[in-house]
Amino acid sequence: MTVTSGVSEEAKPEQVTLHPLRGRVEQEPLCIFGTGDLGRSLGLRLLQTGCRVVYGSRRPHSCGPLPEGAEVMSHEAAAKAARLIFICVHREHYTFMETLATYLKGKVLVDLSNNLKKDIYPEANAVYLQRLVPGATVVKGLNTLSAWALQNGLLTGKQVYLCGNSTEAKQAVAEVATKMGLTVLDRGSLSAARDLEDFPLRLFPEWRLPLRIAVSLTAFFYFYLLIRDVIYAYVEQGKDISYRIMVSLANKVFPIVSLVMLSLCYLPGVIAAFFQLYRGTKYRRFPNWLDRWMLCRKQMGLIALGFAFLHAIHTFIIPIRYAVRHKLISRVVDEMKNNKTTPFDFDNTEAWGTDSFYVLGILGFFLYVLLGLTSLPSVGGSLSWREFSFIQSKLGHVTLFICTAHGYIYGWNKFLRLATYKWYTPPGYMLCLVVPSVVLVLKMLILLPCVDRTLTRIRQGWERTQSSEEETGGIKATNL
Amino acid sequence: MTVTSGVSEEAKPEQVTLHPLRGRVEQEPLCIFGTGDLGRSLGLRLLQTGCRVVYGSRRPHSCGPLPEGAEVMSHEAAAKAARLIFICVHREHYTFMETLATYLKGKVLVDLSNNLKKDIYPEANAVYLQRLVPGATVVKGLNTLSAWALQNGLLTGKQVYLCGNSTEAKQAVAEVATKMGLTVLDRGSLSAARDLEDFPLRLFPEWRLPLRIAVSLTAFFYFYLLIRDVIYAYVEQGKDISYRIMVSLANKVFPIVSLVMLSLCYLPGVIAAFFQLYRGTKYRRFPNWLDRWMLCRKQMGLIALGFAFLHAIHTFIIPIRYAVRHKLISRVVDEMKNNKTTPFDFDNTEAWGTDSFYVLGILGFFLYVLLGLTSLPSVGGSLSWREFSFIQSKLGHVTLFICTAHGYIYGWNKFLRLATYKWYTPPGYMLCLVVPSVVLVLKMLILLPCVDRTLTRIRQGWERTQSSEEETGGIKATNL
Amino acid sequence: MTVTSGVSEEAKPEQVTLHPLRGRVEQEPLCIFGTGDLGRSLGLRLLQTGCRVVYGSRRPHSCGPLPEGAEVMSHEAAAKAARLIFICVHREHYTFMETLATYLKGKVLVDLSNNLKKDIYPEANAVYLQRLVPGATVVKGLNTLSAWALQNGLLTGKQVYLCGNSTEAKQAVAEVATKMGLTVLDRGSLSAARDLEDFPLRLFPEWRLPLRIAVSLTAFFYFYLLIRDVIYAYVEQGKDISYRIMVSLANKVFPIVSLVMLSLCYLPGVIAAFFQLYRGTKYRRFPNWLDRWMLCRKQMGLIALGFAFLHAIHTFIIPIRYAVRHKLISRVVDEMKNNKTTPFDFDNTEAWGTDSFYVLGILGFFLYVLLGLTSLPSVGGSLSWREFSFIQSKLGHVTLFICTAHGYIYGWNKFLRLATYKWYTPPGYMLCLVVPSVVLVLKMLILLPCVDRTLTRIRQGWERTQSSEEETGGIKATNL
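The rules behind these values
Residues numbered from 1 in each chain as written. Chains lettered and ligands numbered in written order. Predicted model: local features only at pLDDT ≥ 70, side-chain atom pairs only at ≥ 80, totals over all residues. Heavy atoms only, no water. Patch = residues over 30% accessible without salt bridge, like charges linked within 9 Å, V, L, I, M, F, W, Y side chains within 5 Å. Areas by Shrake-Rupley, 256 points an atom, 1.4 Å probe, with all protein chains shown as cover. Salt bridge = Lys/Arg side-chain N within 4 Å of Asp/Glu carboxyl O. Lys, Arg positive; Asp, Glu negative; His and termini not counted. Charge placed at Lys NZ, Arg CZ, Asp CG, Glu CD. Helix = DSSP H or I, 4+ residues; strand = E, 2+ residues; numbered from the N terminus. Buried < 20%, exposed > 50% of the residue type's maximum accessible area, 1.4 Å probe, protein only. Axes fitted to C-alpha atoms, helices over the stretch in contact; angles between N-to-C directions. Parallel < 35°, antiparallel > 145°, perpendicular 65-115°, else oblique. Left-handed = near helix turned anticlockwise from the far one by under 90°. Contact = heavy atoms within 4.5 Å. Nonpolar A, V, L, I, M, F, W, Y, C, P; charged D, E, K, R; others polar. Pairing = 2+ DSSP bridges. Domains from an automatic or database assignment. Phe/Tyr/Trp six-rings, centres within 6.5 Å; stacked < 30°, edge-to-face > 60°. Lys NZ or Arg CZ within 6 Å of the ring centre and 35° of its normal. Core = buried A, V, L, I, M, F, W, Y, C linked by side-chain atoms within 4.5 Å. Right-handed = clockwise from strand over helix to strand, strands pointing away. Expected span 1.5 Å × (residues − 1). Polar contact = N/O pair within 3.5 Å; in protein donor to acceptor, adjacent residues only side chain to side chain.

Asks: Explain a positive patch on the surface to me, and be specific about the residues and the numbers.
Replies: A grouping of Lys 118, Arg 187, Arg 202, Arg 208, Arg 212 and Arg 292 of chain A together with Arg 386 and Lys 394 of chain B is seen on the molecular surface, where their side chains present a positively charged patch. Of all the secondary-structure elements, those providing two or more residues to the positive patch are helix 10 (205-237) of chain A together with helix 17 (385-410) of chain B. Residue class for Lys 118 of chain A comes out partly exposed when judged on its relative accessible area of 46%.

Asks: Got a sec to walk through the packing of helix 13 (residues 297-316) of chain C against helix 15 (residues 348-374) of chain C? Specific residues and values, please.
Replies: Residue and element names in this part refer to chain C. Here helix 13 crosses helix 15 at 140°, and the two axes come no closer than 10 Å. Comparing their axes, helix 15 and helix 13 come out oblique. Viewed along their axes, helix 13 and helix 15 form a crossing whose handedness is left-handed. Touching Gly 301, Leu 302, Ala 304, Leu 305, Ala 308, Phe 309 and Ala 312 of helix 13 are Phe 365, Tyr 368, Val 369 and Gly 372, all from helix 15. By residue class, the composition of the contact of helix 13 with helix 15 is nine nonpolar, two polar and no charged.

Asks: Let's hear about the sheet that holds strand 2 (residues 53-57) of chain A: which residues, and what values?
Replies: Residue and element names in this part refer to chain A. Read from one edge of the open sheet, eight strands run 3-2-1-4-5-6-7-8, paired in mixed fashion. Single-partner strands in this sheet number two, and they are strand 3 (71-74) and strand 8 (183-186). In this sheet, adjacent strand axes meet at a mean angle of 30° when their direction is disregarded. The pairing of strand 6 (residues 137-141) with strand 7 (residues 159-164) spans three bridges and is antiparallel. Opposite Val 139, over in strand 7, you have Gly 164 as the bridge partner. Helix 3 (residues 37-48) rests against strand 1 (30-33), strand 2 and strand 4 (84-87) of the sheet, and its axis sits at about 160° to strand 2. Contacts from helix 8 (residues 167-179) reach strand 1, strand 4, strand 5 (108-111), strand 6, strand 7 and strand 8, with the element oriented near 165° to strand 7.

Asks: Provide a residue-level description of the domain arrangement of chain A, including the pertinent values.
Replies: According to the domain assignment, chain A contains domain 1 (2-201) and domain 2 (206-324 + 352-447). Here the C-alpha centroids of domain 1 of chain A and domain 2 of chain A sit 49 Å apart.

Asks: Which residues make up the packing of aromatic side chains, and what are the values?
Replies: Following the criterion strictly, the structure yields 54 aromatic pairs over all chains and no others. Consider the rings of Tyr 232 of chain B and Trp 423 of chain B, whose centres lie 5.0 Å apart with planes at 75°: the pair is edge-to-face. In this pair, Tyr 232 of chain B sits in helix 10 (residues 205-237) while Trp 423 of chain B sits in the loop between helix 17 and helix 18 (428-431), placing the two residues 191 residues apart along the sequence. Taking the relative accessible area as the measure of exposure, Tyr 232 of chain B reaches 16% and is therefore buried. Members of the aromatic cluster, joined through ring pairs, are Phe 275, Phe 286, Trp 289 and Trp 293 of chain A. Directly above the aromatic system of Tyr 121 of chain B lies the positively charged group of Arg 91 of chain B, at a separation of 3.8 Å from the ring centroid.

Asks: Can you tell me about the nonpolar core, naming the residues and giving the values?
Replies: Most often, soluble globular proteins keep nonpolar side chains buried together rather than apart. Core analysis: the largest hydrophobic core is formed by 209 residues, its most contacted members being Met 261 of chain A, Met 261 of chain B together with Met 261 of chain C. The leading source of residues in this core is helix 11 (residues 248-279) of chain C, at 19 residues. When near neighbours in sequence (up to four residues on either side) are disregarded, Met 261 of chain A contacts Pro 210, Ile 213, Ala 214, Leu 217, Met 300, Ile 303 and Ala 304 of chain A.

Asks: Please set out the pattern of salt bridges residue by residue, giving values where relevant.
Replies: Residues and elements named next belong to chain C. In total, this model carries 31 salt bridges over all chains according to the counting rule given. Residue Asp 37 pairs with Arg 40 through a salt bridge whose shortest N-O separation is 3.0 Å. One end of the pair, Asp 37, and the other, Arg 40, are both in helix 3 (residues 37-48), three residues apart, so they sit about a helical turn from each other. Its relative accessible area of 22% is what places Arg 40 among the partly exposed residues.

Asks: Provide a residue-level description of the environment of Ser 356 of chain C, including the pertinent values.
Replies: On the secondary structure map, Ser 356 of chain C appears in helix 15. We classify Ser 356 of chain C as buried; its relative accessible area is 14%. Separated by 54 residues in the primary sequence, Ser 356 of chain C and Tyr 410 of chain C have C-alpha atoms spaced 9.6 Å apart. Filtering out sequence-adjacent residues up to four positions away, Ser 356 of chain C remains in contact with Met 246 of chain B together with Ile 409 of chain C.

Asks: Tell me what's going on with the pairing of strand 5 (residues 108-111) of chain B, and back it up with residues and numbers.
Replies: Residues and elements named next belong to chain B. Residues Val 108 and Val 110 line one face of strand 5 and the alternating positions Leu 109 and Asp 111 line the opposite face, and both faces are buried. As judged from the four bridges shared by strand 4 (residues 84-87) and strand 5, these two strands associate in the parallel manner. Note that in strand 5 the partner of Phe 86 across the bridge is Val 110. Remark: the strand 5/helix 6 (residues 125-132)/strand 6 (residues 137-141) crossover connection has right-handed handedness.

Asks: Mind laying out helix 8 of chain A, listing which residues take part and the relevant values?
Replies: All names here are of chain A. Taking 1.5 Å of rise per residue, the 13 residues of helix 8 would be expected to cover 18 Å, and the 18 Å separating its terminal C-alpha atoms lies within 8% of that figure. By the criterion of burial, helix 8 is predominantly enclosed, with ten of the 13 residues buried. Here helix 8 has its buried residues at Glu 168, Ala 169, Lys 170, Gln 171, Ala 172, Val 173, Ala 174, Glu 175, Val 176 and Ala 177. Where helix 8 starts, the residue carrying a side-chain oxygen 3.4 Å from the main-chain nitrogen of Glu 168 turns out to be Ser 166. Among the residues trailing helix 8, Gly 181 stands out with phi positive, at a value near 95°.

Asks: Tell me what's going on with helix 19 (residues 434-447) of chain C, and back it up with residues and numbers.
Replies: Residues and elements named next belong to chain C. Helix length check: helix 19 (14 residues) gives 20 Å between terminal C-alpha atoms against 20 Å at 1.5 Å per residue, within 8%. Inspection of helix 19 places Pro 436, Ser 437, Val 439, Leu 440, Lys 443 and Ile 446 among the buried residues, and these make up the whole buried set. Looking at the buried positions of helix 19, the neighbouring elements they touch are helix 11, helix 17 (385-410) and helix 20 (449-459).

Asks: Tell me about the environment of Ser 189 of chain B, and please be specific about residues and values.
Replies: All names here are of chain B. Locating Ser 189 in the fold gives a position in the loop between strand 8 (183-186) and helix 9 (193-198). Measuring from C-alpha to C-alpha, the distance between Ser 189 and Lys 170 comes to 9.9 Å, with 19 residues separating the pair along the chain. Sequence-distant contacts of Ser 189, that is, excluding residues within four places in its chain, are made with Cys 163, Gly 164 and Asn 165. Separated by 2.8 Å, the side chains of Ser 189 and Ser 191 make a polar contact.

Asks: Got a sec to walk through the pairing of strand 7 of chain A? Specific residues and values, please.
Replies: Residues and elements named next belong to chain A. For strand 7, the tally of buried residues reaches six of six residues, placing the bulk of the element in the interior. By the alternation rule, side chains of strand 7 split into Gln 159, Tyr 161 and Cys 163 and Val 160, Leu 162 and Gly 164, which are all buried. Of the pairings in the sheet, the one linking strand 7 to strand 8 comprises four bridges and is parallel in character. Paired with Tyr 161 across the bridge in strand 8 is Leu 185. Since strand 7 and strand 8 lie parallel, the crossover through helix 8 that links them has a hand, and here it is right-handed.

Written as structure tokens, this is what we have:
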């Protein structure tokens, strides 16, 4: 590490023994082709991390404002000066690099390009570039960075992906990226370039299934309740209560969907436990649908929280709604007109019932918010594994239990009343209690000491195998 | 990389081939001058990252508690032992280093000092230090770290700045900083030291403009409504409704300011688009005022969210306010006294209107909160560029649209009523609808297919140049 | 840095001069013993960061699905191939490594194991492993990583701990960990292994004291108010208002506990200031109880925020509660029956009082939420030190002041009324005002110019020492 060139030793004699002499090697410039937004932002950032930057441009003297400290040269000169060349140019204009082939021989070309849509070209941009300049080594990567994030220094800790056929070339790029504060993930050979190019075009892929479920549930319950409430009242009693469509119906549908989504978020874990119990091992893969389901539990939980939030706000504004105030006033006037002696007796059971209902709702919402907060990346990241699992599993099931109880209390005295079942259909809150109740019952089964013990052993690697227990049991169990 | 000293090869023969032999070189100690809070915390952290630490102290035997594992020496001995010296001493006491000049020759001095106020010294601390010890290489940096953050390990991923005239020295410091989990940004030569020293004294510079706008708007609308509501009632009707100043007025001003701030947050983007359309290129810089405006959009949006939050809470507590309950009760009593037959007819249109009003408000607030959540650094950082722009641009404009509609419905039947215009002034909610309506109309113009197509092409680098289209158009468009 | 093996020079002649030749050295494989969840996830992640991975397995041909790109060998062969071996096996099965002792000689064994409970073994797993394989160098660490986090790429910026007796071995492991995006903290020699193994078993240790205080306060005030409100009404007036236990009592207890917790969060800072003033120096350690208290201020503040949040929701749902609506209706009916002429006079003072009460509460809650947001790791991390201290100290004290004022206004006209003191006990809201008032008064004393000046000097390192001021004062003050 202490060997340097003679020239620099003489130039700065006192600093010869400083260890980061590697720095001197890196002062070889990095080259950027393309002086657009991305090229300029990337150059700015590279300069800030202490690198030398050279731009390659067709007309070096009229390429607009570039970051201070960067040099501009012709493409040829820039390619000669550097070993690492960042290509910040649209794919449509790659052809000019064919003419530079001799200068680009042996260089590492980092393809940062993205396309506007998927599948508009037969091959990935990076593969195309490699075909144009076979003498160079193409690395695809860093294409998830936006000019905006580069300029505003929002890179720290961000993950970026690389792929390429040469490990050395990828290492060179990874080193530069690490200096910019990025975390690099190697995605393998250049054949992965297509995936990387599709990545910035992704639009919440892991949210699609949960959102689809949420929308379907909302639509179903909305129409179900529309028929039972508004249309029923119109058909059977001739009353027009269509105004309820806006707030009242919404405030029935939101808690229903929220509770179902929350239970769907804990159902796969319970199913997985039963799979493991039935199979007697944890080493067999779950069916694909279960895997997919388990991977979107976080999103399901967050959507459930969103619906719970909407439910809470809808509840808070109940008393200021016109219809509610009108009902209150007309009730009083009614009471007075009919001149009852005890116009409105205080019912202690009713007071206890509704207050318990509200307390459970508030507590459930509070825990909901707590669960949501711990799923923020920066909060969850600061928890130990046991803390995270305590919050997400124990507290999560408690939340589900409280919210289910909230639902049961809502209908506590209506389950056995015939008037509840308009047109022989159960009300929405009864329907929505089915899934959470099932989840809670199954979870309680799992928590039975005998079942829990078996499950814990299975999860620690133990296997229930009839024939080969002697020979494999011990070995499998050695793995964490 | 495989060359080590003979001694250690013999001592640990099996480990000779381990690659991080660099570790052995780094076991040269790092020196810290100053045993105050910062010195001790820095030393603790350096020890934790596996470095050797030597303190330089004037009286090594009575300098208070130091982190376990650190050595204490005289300034001279410590300076000799290390190449990298962290100066954790107040500027006022730098003079003692002049006497150490011979020992400090060729060393790297890292100046971590800050001042209590701006501009109390003619030159930056680091420049002063360099002048005192010309033989050493001064690097300014890490001065944004607090002793508190160092002790509590809150450094991971934090950005720190360095500046200095020697690249090698900066690299050496950057390497140590990276080992502590910091991300280093090089800010150039030692002349930037003043900026770095002013940095910890900054107090929300990017929030100043938005806060100033918010405060001005709040003050203006507050007095405007005070005159129109309270003073008007007092002058024209002789009624004292001054109690409304607290909650009622606030709950009128907050939504107004929130909506205006939200639209001001999307206005610059629209203006920028028109600039680009008019100029036919994206390569000319925007005027300074527009640049500045665009850089504080996030802060504007967050302040708008704050006001919306206040508006929501003010709305939730409406029914428990004394004045509101009094009005409700006296209204009932009034109805009864006058013995109307249909005391309070249910108005279906009114029910639909107010409920729609509330639903739009709730939905708008929900989206507002969603926007706010995605601007949390840890959430925004986990989104792809397309996801982020989807949330902040598309969802943002939808939020603006919904909130504007919320405002329009509030006044739906009052626009054409003359009594609305007290003293010939429009009510506040009408005034506040002007800016959002303009933004939405302009945005809709931009979304027209023909305009959108041109704008997309311009943003991809295309230029509308009359004379030189043939020669430059193609090349400019090559840049991402 | 430019020396490479002849073979690779010939194979890829153009790339010889690429600097990250270190990459080639690292392409020596990393070995993983154990093909369980953790082993597989770790291997996947290592492959993604560009490392070669070799699994050691007792039956290499039937060890289940492994990440693509990894090789599987016998334990012996794998141990031979690599220098760094990750042990992902339960402690109970470590004995098989005794038989591999010759192959493991000179290797670095990274012990990632955890135990299910504390203190079930006499010695730490890593120490046991070192005893089994004395020829190898054991490094304990990375044991806080879960298979789940590894698989889902949730590592970026996470802190991990290492300990071991060999600095070289630790450096080697730290380098690999850094490549995975982790930040490494060295915790010293292998004797720290026990601490590291206990770490994943921790369950919110820093939350215990604040939670205990919060639960005690809640229980105390709950029973105190139960006696004063419900039992008093039953005993003295024979009324059954037990339904109040659910919501009304809770909504009295929550704000009380919240305010006390918030003031307890600022009290230690004030006490510390008085300690420093009294001692005339900042260089003497605070008593242990004060240190412990100061370290859990953040948690106290967050619990206070939780209680404030519960208080807010309880307040929002007041008007929809059965008991409240009943009271409202019966009041109107009552008024009408008794046929008063001015049934319910509007009281301007009452309107001002209650509205001020609400405004202060809303403002206090808003600032509370702001304080909570800035204590999110990702938000707090982006603030400069001055900004953070502005928010947490200045804004925090303002919040405390506003919330205390909110409490005082609640009881503004009841302090001097005898009926307030049922059974000669003060109401809860008076009790809870004691601590915040003390904190605010003490804080105001500190803010007096003369006190503030002395304190600032002390915090900058000045010492009030009678005898030795001349000789030590100057030097002590040199430290930041």
